[in-house]
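# Fold and contact review
Read off the chains here:
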Amino acid sequence: MSKHQRENENLTLLGSNGVVYPTDYDPKILEAFENKHKDNDYFVTFNCPEFTSLCPITAQPDFAHITISYIPAKKMVESKSLKLYLFSFRNHGDFHEDCINIIMKDLRDLLLPKYIEVYGRFTPRGGISIDPFVNYAIPHSPYEEMARYRLSNHRLKP
């Protein structure tokens, strides 16, 4: 087994055929791999323009463009597992704000990043759109100040 294979043997979804799409919310789908550039601070950004979830009251579909940005520490999220994880919200009933907070907390718990933010731009229903934003930084770190700044200026597009 090569060094590269050993480093990534915990990634079960990447490159596998016949992946079954989840029908219910499932954070266990998320997989991570080692950040090979721990000495650098850099952003990783994911854009999901086709996020869907269900209204917990009416069961009507909600659609959003989700942007996830983070500064990795030791781990990084594997993109195929992230895609399947986000897909798992398709039949999940929760309010927009809850979905965005759940996504951030699940990724925070998996990755323990230096900084992470999740921004949802939901399409209007009933003439009103809801755009929740949530972020997190390692407490008592230089990133905590950045988190406060980003939260107070969240309308600056990530």
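The rules behind each value
Residues numbered from 1 in each chain as written. Predicted model: local features only at pLDDT ≥ 70, side-chain atom pairs only at ≥ 80, totals over all residues. Heavy atoms only, no water. UniProt positions renumbered as here; feature names shortened; annotations may be inferred. 1 Å grid on protein atoms, 1.4 Å probe; cavity = no way out; pocket = protein on both sides within 12 Å on 5 of 7 lines; lining within 4 Å. Helix = DSSP H or I, 4+ residues; strand = E, 2+ residues; numbered from the N terminus. Contact = heavy atoms within 4.5 Å. Buried < 20%, exposed > 50% of the residue type's maximum accessible area, 1.4 Å probe, protein only. Core = buried A, V, L, I, M, F, W, Y, C linked by side-chain atoms within 4.5 Å.

- Under an unreviewed UniProt entry, the name given to the chain is NADPH-dependent 7-cyano-7-deazaguanine reductase, and the source organism is Helicobacter marmotae.
- Quoted verbatim from the Pathway (unreviewed entry) field of UniProt, the annotation for the chain is "tRNA modification; tRNA-queuosine biosynthesis."
- Here the chain is described in UniProt, under the heading Catalytic activity (unreviewed entry), as follows: "7-aminomethyl-7-carbaguanine + 2 NADP(+) = 7-cyano-7-carbaguanine + 2 NADPH + 3 H(+)".

## As for the UniProt feature "active site" (unreviewed entry) in the chain
- According to UniProt, the "active site" (unreviewed entry) feature falls on Cys-55 and Asp-62. Filtering the just-named annotated residues for those lining the second largest pocket gives Cys-55 and Asp-62.
- As for its placement among the helices and strands, Cys-55 is situated in the loop between β2 (44-54) and β3 (61-71).
- Each residue touching Cys-55, except ones within four places of it in the same chain, is listed here: Gln-60, Asp-62 and Arg-125.
- Following the sequence through the fold, Asp-62 ends up in strand β3.
- A residue is classified by how much of its surface remains accessible, and Asp-62, at 5% relative accessible area, is buried.
- Discounting residues that sit within four places of it in the chain, Asp-62 has contacts with Phe-51, Thr-52, Ser-53, Leu-54, Cys-55, His-96, Phe-122 and Arg-125.

## Examining the nonpolar core
- Counting residues in each nonpolar core, the largest one holds 28 residues, and the members touching the most others are Phe-51, Ile-68, Leu-82, Ile-103 and Leu-107.
- At the level of secondary structure, the elements contributing two or more residues to this core comprise β2, β3, β4 (75-77), α2 (79-87), α3 (96-111) and β5 (115-122).
- Looking at which element gives the most residues to this core, the answer is α3, with six residues.
- With sequence-adjacent residues up to four places away left out, Phe-51 is seen in contact with Asp-62, Phe-63, Ala-64, Ile-66, Leu-86, Phe-89, Cys-99, Ile-103 and Phe-122.

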